[in-house]
Amino acid sequence: SPAPSYDRSMTPRPRKISNPNARQLQIDWENQATQIIDFVDLRFECPCAVCVDEKSGQKLIRRGHVKPDVRPARITPMGNYAIRIEWSDLHSSGVYSYDHLKKVMDSYFVELGLAAGAAGAAVVAAGLEAGAAAAGVVAAPSALEPARL
């Protein structure tokens, strides 16, 4: 039987991408969920061919190789499907599809014990609302100019 088709419309798009503090990225999704991830974790989850073997899918990067002070130097929207992150460690080949970002952030949410559905998202959203408002928008998917952090 044919492989099931992938429907990209199932993944919500970011409404806003910001950094509520010096170590984390926050995404406010279209579906009203708000998620955060540490820069180190996001850098470790880079999907590019330098970081992930294209054939096996096995990670080529080790968590210990990611500098603890790594941060995005620039985030650039890529059409309506992804962002490209240029990192302070000079790594710049990672294109993070919204689908990949959502899966990665969901997996880290589970590790933090916050994946209890809307209740967990509401707690995180409430706790980050003031920080996000103070930090402002770092990147918007519809932005024409790339964002600098």
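Scroll up to find the structure.
Nothing here was measured: the structure is a model prediction, and the numbers come from that model.

### A closer look at the state of the cysteines
Okay, step 1: Across all of its chains, the model carries zero disulfides by this definition.
Okay, step 2: Here Cys48 is not cross-linked by a disulfide; its sulfur's nearest cysteine counterpart is in Cys46, at 3.7 Å.
Okay, step 3: For Cys48, a relative accessible area of 6% translates into the label buried.

### With respect to the pairing of strand β3 (residues 34-38)
Okay, step 1: Burial of β3 is extensive: four of the five residues sit out of reach of the surface.
Okay, step 2: As paired elements, strand β2 (residues 24-29) and β3 share five bridges and run antiparallel to each other. In the strand pairing of β3, Leu25 is matched with Ile37.
Okay, step 3: Here β2 hands over to β3 after four residues, with Gln32 in that stretch at a positive phi of 80°.

### Some details on the pattern of salt bridges
Okay, step 1: Applying the stated rule across the entire model yields eight salt bridges.
Okay, step 2: When the shortest N-O distance is used, the salt bridge between Glu86 and Arg74 registers 3.8 Å. One end of the pair, Glu86, is in strand β5 (residues 82-87); the other, Arg74, is in strand β4 (residues 72-78), and 12 residues separate them in sequence.
Okay, step 3: Bridged by salt links that share partners, the residues Arg74, Arg84 and Glu86 form one connected network.

### So, the environment of Val52
Okay, step 1: Relative to the helices and strands, Val52 is located in the loop between α1 (39-44) and β4.
Okay, step 2: Leaving out residues up to four positions away in the same chain, Val52 has contacts with Cys46, Pro47, Gly57, Gln58, Lys59 and Leu60.

### Thoughts on the packing of aromatic side chains
When we look at a pair of aromatic rings, we describe it by the centre distance and by the angle of the planes.
Okay, step 1: In total, this model carries zero aromatic pairs according to the counting rule given.
Okay, step 2: Positioned above the aromatic ring of Phe44, the side-chain terminus of Lys59 is 4.6 Å from the ring centre.

### Some words on the nonpolar core
Okay, step 1: Counting residues in hydrophobic clusters, the biggest one holds 27 residues, and the most contacted among them are Leu25, Leu42, Ile83, Tyr96 and Leu101.
Okay, step 2: Where this core is concerned, the elements lending two or more residues are β2, α1, β5 and α2 (98-111).
Okay, step 3: Looking at which element gives the most residues to this core, the answer is α2, with five residues.
Okay, step 4: Among residues more than four places away in sequence, those in contact with Leu42 are Leu25, Ile37, Ile85, Trp87, Tyr96 and Leu101.

### Observations regarding the side chain of Thr34
Okay, step 1: Mapped onto the elements of the fold, Thr34 is located in strand β3.
Okay, step 2: Of the polar contacts made by the side chain of Thr34, one reaches the side chain of Asp28; its length is 2.9 Å.

### Description of the side chain of Gln26
Okay, step 1: Structurally, the position occupied by Gln26 is in strand β2.
Okay, step 2: Separated by 3.0 Å, the side chains of Gln26 and Asp28 make a polar contact.

### Details of the pairing of β5
Okay, step 1: Both β4 and β5 contribute to a ladder of six bridges, which runs antiparallel. Within the sheet, the bridge partner assigned to Met78 lies in β5 and is Ala82.
Okay, step 2: Counting the residues in the hairpin turn of β4 and β5 gives three residues, including Gly79, whose phi is positive at 55°.
Okay, step 3: Here β5 runs beside strand β6 (residues 94-97); their pairing, made up of four bridges, is antiparallel. Pairing of Ile85 across the sheet is with Gly94, part of β6.

Parameters at a glance
Residues numbered from 1 in each chain as written. Predicted model: local features only at pLDDT ≥ 70, side-chain atom pairs only at ≥ 80, totals over all residues. Heavy atoms only, no water. Disulfide = S-S within 2.5 Å. Buried < 20%, exposed > 50% of the residue type's maximum accessible area, 1.4 Å probe, protein only. Helix = DSSP H or I, 4+ residues; strand = E, 2+ residues; numbered from the N terminus. Pairing = 2+ DSSP bridges. Salt bridge = Lys/Arg side-chain N within 4 Å of Asp/Glu carboxyl O. Contact = heavy atoms within 4.5 Å. Phe/Tyr/Trp six-rings, centres within 6.5 Å; stacked < 30°, edge-to-face > 60°. Lys NZ or Arg CZ within 6 Å of the ring centre and 35° of its normal. Core = buried A, V, L, I, M, F, W, Y, C linked by side-chain atoms within 4.5 Å. Polar contact = N/O pair within 3.5 Å; in protein donor to acceptor, adjacent residues only side chain to side chain.

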